[in-house]
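Overview (structure and organization)
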Amino acid sequence: MEALTEGKSVLVTGAAGTGKSTVMAAVLAGLGSGYSVLQLRGSASWAGKDFDGLLWLLSELPPELLSDPVYVLQFVRRVLEEKAAGRRLVISVENMGELDNASVAVLLQLCRAGCALLLATVRELSSCSGELVHWWAEGSVHREALEPLNPAATRVLLEELAGGKVSNRVVVQVQARALGNPLLSAMFLREQLDAGTVLKRGGILVWTGAVSYSGALAERVAAATSGLGPAERYAVDVLAVTGAVPPLLLLQVADPDAVERLERDRLLTSGPPGTVQLKDPVLAAAAAALVPHGRAAEIHSRLDAVAGGSVLRAGGEPSSAARRTAATAAVHAAVDLSRRGRWEEAAAAARVCLDASTEPDAGGGRRPDLASELFHVFLRCGEVRQAADLLARMEQGAADTELDGGNDVCGGTVHALGGRADRALDCLERAIAQFEEDGTAHLLALARTAAAYACLVLDDVDAARAYLAAAVSGDPGPDRGNSAASVPVHTGPWADLTACFSGLCAVRGLSANAAGTGPDLPGNLLVLAAAALQGRPGAAGELGTAAAGCSGDAARMYLELAEGLTASEPAAILRAAERAYGRGQFLMAHEAAGRAADLSRGPGDRPRLRAATRLANTSYRMLRTAHSVTDRLPELTGFEQRLALGAAAGTSSSHLAAALHLSPRTVDWHLGRIFAKLRVSGRAELRECLETEEQRT
């Protein structure tokens, strides 16, 4: 819209289903009465004959005059000037790559002459005429490239369509099939809702299992393949039931001419290295589901016969297999070090393994098993921020891969350990709904216990008590009956985290009263630190003793916290708070910095008091979304907001006082109260917070 109002033409590029037509319709709807719109649409059937794209405009011309491009251009120009009636003309063309070259040339001449602006959609710029590409390369055209949705954007789309929250399992399933294509994502979700594969549990959409490929998806497959002959259809079936095959193998079992026609019609694309596959993953899966069992068996048999029984078997390079083996060994070594409290070595080893576990391998896949183990290594080492970064890396890009247990429970765990309780509860509610559907007892216990702790941090004791009671009883959720007696005992990282959150709940006054093992070493230190900050007698001493045998930044943090609390030494407590903040443990940072500030109120501790107060405020704003300065500004009176924004803009107290008919001393008194309400230390921090939050928004 901005480009058009600035007098520039616009090309909207993107694959089928990425929203080009939606963008065009929204732009056209937003144009005011000062614009006149001429809408055209390209068609493959027109591409071979000159001026067929402008046929309805040229219908009054005798056929012999169509051989004179100059006359055609002049005629079209007159017609469009009459249609525009003095307004700015916008020519919108859908599928401009399908227009014949002569029609494109006329439209470009009109736009170059300033007679009209072009708003066009194309799948790929390379599919357009050379003249159009050259025009774009000159900088005369604004190009808006629509990219596939990443998992976060897919979640937004699905929740908009569903009118509520969606579990990450649903997001993963849709993303894996639609690869970020919004049209296919919406179609796939609606079909699964109709089939009951996706259903609501506790107001949250969850994934139940078997995928449906009937209804709209089957109709789409039928429409996409209706014009194919038997040979092309057989090649499509081969690709559908196998997923991807080496091109030479495909040419041996299917008709080469048929394969070439599929490629020409852009139904094929490159798959994992050395293979080809159907371009549309949802349609590929739907087509596979629609292939009769006997035909699928015959295809597999024929492929095996031609390839000697090695169809699509592991074809990775030996070097890549060796790298995977080495990465697995390194991750297992990091796990062992983390369990023994050698956190400095474990965290360093885990960081080395990050790329091998989170980046796509040669086959386009990832190693969620290794990434899941690294996730728990970082948590054991107290590196909450690095665990969160690993989770974010797994969710980047067009494809989505879940960590063990699911990204909802992993995200909820990270946020809860960091003290970001509102974010934690949002993730954990989705996880609980999904686990109730799956019947995953040990993960359900973890999610409920972590949710109980998040509720306690949010001062919602009743909700916390309900979550913890359900976790202890083993209640499998609505409509599943009580199967607590048959729930197996689970050990490992999830059980350790459950025990840790149970201990944190107890520190805040809500005990689970359940039999079982206590937290492991890292979890025990976290519980002891929380107890020490809550003032439990003897907890600081226990914390120092337990942390003495560990290494790394987390161990130093616990030792400094224990030392500072035992000796009432604010400098050590502040150092511990700074370490906690740097590693993403914002609640501990906030509480420790607050304690350091309380102990630094003597006349000689002003610099430390300022540092501790600033850190307490900074970590406080990280705890909840509503704690940001931007969200708290509306809580001020109009007078206070005017003062706050003036101070943040750099206006002196004297100038503010003169404008408000007050004394500078009165203004400073009001600003002190405002800074306290906003949890900032002064003008500089207020300005910094507003600028940072505006950039994030």
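Before reading further, recall that the structure is shown in the block above.
These remarks concern the structure in this document. The structure displayed is predicted, hence computed values, not measured ones.

Definitions and limits used
Residues numbered from 1 in each chain as written. Predicted model: local features only at pLDDT ≥ 70, side-chain atom pairs only at ≥ 80, totals over all residues. Heavy atoms only, no water. Core = buried A, V, L, I, M, F, W, Y, C linked by side-chain atoms within 4.5 Å. Buried < 20%, exposed > 50% of the residue type's maximum accessible area, 1.4 Å probe, protein only. Helix = DSSP H or I, 4+ residues; strand = E, 2+ residues; numbered from the N terminus. Expected span 1.5 Å × (residues − 1). Arc of directions from axis to C-beta. Phe/Tyr/Trp six-rings, centres within 6.5 Å; stacked < 30°, edge-to-face > 60°. Lys NZ or Arg CZ within 6 Å of the ring centre and 35° of its normal. Axes fitted to C-alpha atoms, helices over the stretch in contact; angles between N-to-C directions. Parallel < 35°, antiparallel > 145°, perpendicular 65-115°, else oblique. Contact = heavy atoms within 4.5 Å. Nonpolar A, V, L, I, M, F, W, Y, C, P; charged D, E, K, R; others polar. Pairing = 2+ DSSP bridges. Right-handed = clockwise from strand over helix to strand, strands pointing away. Salt bridge = Lys/Arg side-chain N within 4 Å of Asp/Glu carboxyl O.

**Details of the nonpolar core**
Within the largest apolar cluster, 98 residues are counted, with the highest numbers of intra-cluster contacts made by Leu-390, Val-409, Tyr-558, Leu-561 and Met-588. Tallying contributions element by element places helix H21 (residues 441-457) first for this core, with 12 residues. Counting residues in hydrophobic clusters, the runner-up holds 40 residues, among them Val-238, Leu-250, Leu-262 and Leu-303.

**Comments concerning helix H6 (residues 151-162)**
Across its 12 residues, H6 extends 16 Å between first and last C-alpha, which sits within 8% of the 16 Å expected from 1.5 Å per residue. Within H6, burial applies to Pro-151, Thr-154, Arg-155, Leu-158, Glu-159 and Ala-162. Taken around the axis of H6, the buried residues stretch over an arc of 130°, which confines them to a single face. Turned more than 90 degrees off the buried face of H6, the exposed positions are Ala-152, Val-156 and Glu-160.

**Focus: the packing of aromatic side chains**
Using the criterion set out here, one finds 3 aromatic pairs in the structure. When the ring of Tyr-453 is compared with that of Phe-501, the centres are 5.9 Å apart and the planes differ by 40°; the resulting orientation is tilted. Highlighted residues: Tyr-453 in helix H21 and Phe-501 in helix H23 (residues 493-507), separated in sequence by 48 residues. Assigned by exposure class, Tyr-453 and Phe-501 land together as buried. Between the aromatic rings of Tyr-581 and Phe-586, the centroid separation amounts to 5.2 Å while the plane-to-plane angle is 70°, which identifies the pairing as edge-to-face. Under the relative-accessibility criterion, Phe-586 is labelled buried at 4%. When the ring centre of Tyr-581 is taken as origin, the NZ or CZ atom of Arg-385, which lies over that ring, is 5.9 Å away.

**Concerning the packing of helix H8 (residues 182-195) against helix H9 (residues 216-225)**
Running from amino to carboxyl end, H8 crosses H9 at an angle of 135°, the nearest separation of the two axes being 9 Å. With respect to each other, H8 and H9 are oriented oblique. Two secondary-structure elements touch here, H8 through Leu-183, Leu-184, Met-187, Phe-188, Glu-191 and Gln-192 and H9 through Ala-216, Leu-217 and Arg-220. Here the contact of H8 with H9 is built from residues that sort into 6 nonpolar, 1 polar and 2 charged.

**A closer look at H9**
Buried within H9 are the following residues: Leu-217, Ala-218, Val-221 and Thr-225. Along the axis of H9, the buried residues cluster in a sector spanning 100°; they form a single face. Of the exposed residues in H9, the ones pointing more than 90 degrees away from its buried face are Glu-219 and Ala-223.

**Some words on the side chain of Thr-18**
Its place among the elements puts Thr-18 in the loop between strand E1 (9-13) and helix H2 (20-30). If sequence neighbours within four positions are ignored, Thr-18 has contacts with Leu-146, Asn-181 and Pro-182.

**Some words on the pairing of strand E3 (residues 88-94)**
Put simply, side chains in a regular strand alternate between the two faces of the sheet. Across the 7 residues of E3, 6 count as buried, placing the element largely inside the fold. Two strands pair when backbone bridges link them, and strand E2 (residues 35-41) and E3 are joined in this way by 7 bridges, in the parallel orientation. Its bridge partner being in E3, Leu-38 is matched across the sheet by Ile-91. A crossover links E3 with its parallel partner strand E4 (residues 117-122), the connecting element being helix H4 (residues 101-112), and its sense is right-handed.

**A few points about the sheet that holds E1**
The strand order across the open sheet formed by 5 strands is E2-E3-E4-E1-E5, and the pairing between neighbours is parallel. The open sheet terminates on both sides in strands that have one partner only, identified here as E2 and strand E5 (141-145). Along the sheet, successive strands turn relative to each other by an average axial angle of 15°, direction set aside. In the packing of H2 onto the sheet, contacts are made with E1, E2, E3 and E4, and the angle to E4 comes to roughly 160°.

**So, the pattern of salt bridges**
Applying the stated rule across the entire model yields 31 salt bridges. Here Glu-436 makes a salt bridge to Arg-448, at a shortest N to O gap of 3.1 Å. One end of the pair, Glu-436, is in helix H20 (residues 421-438); the other, Arg-448, is in helix H21, and 12 residues separate them in sequence. Of the two residues examined, Glu-436 and Arg-448, each falls in the buried class. Here Lys-677 makes a salt bridge to Glu-640, at a shortest N to O gap of 2.9 Å. Placement of the pair is Lys-677 in helix H33 (residues 664-678) and Glu-640 in helix H31 (residues 638-648), with a sequence separation of 37 residues. Through salt bridges with shared partners, a single network forms among Arg-155, Glu-159, Lys-165, Asp-408, Asp-426, Glu-429 and Arg-430.

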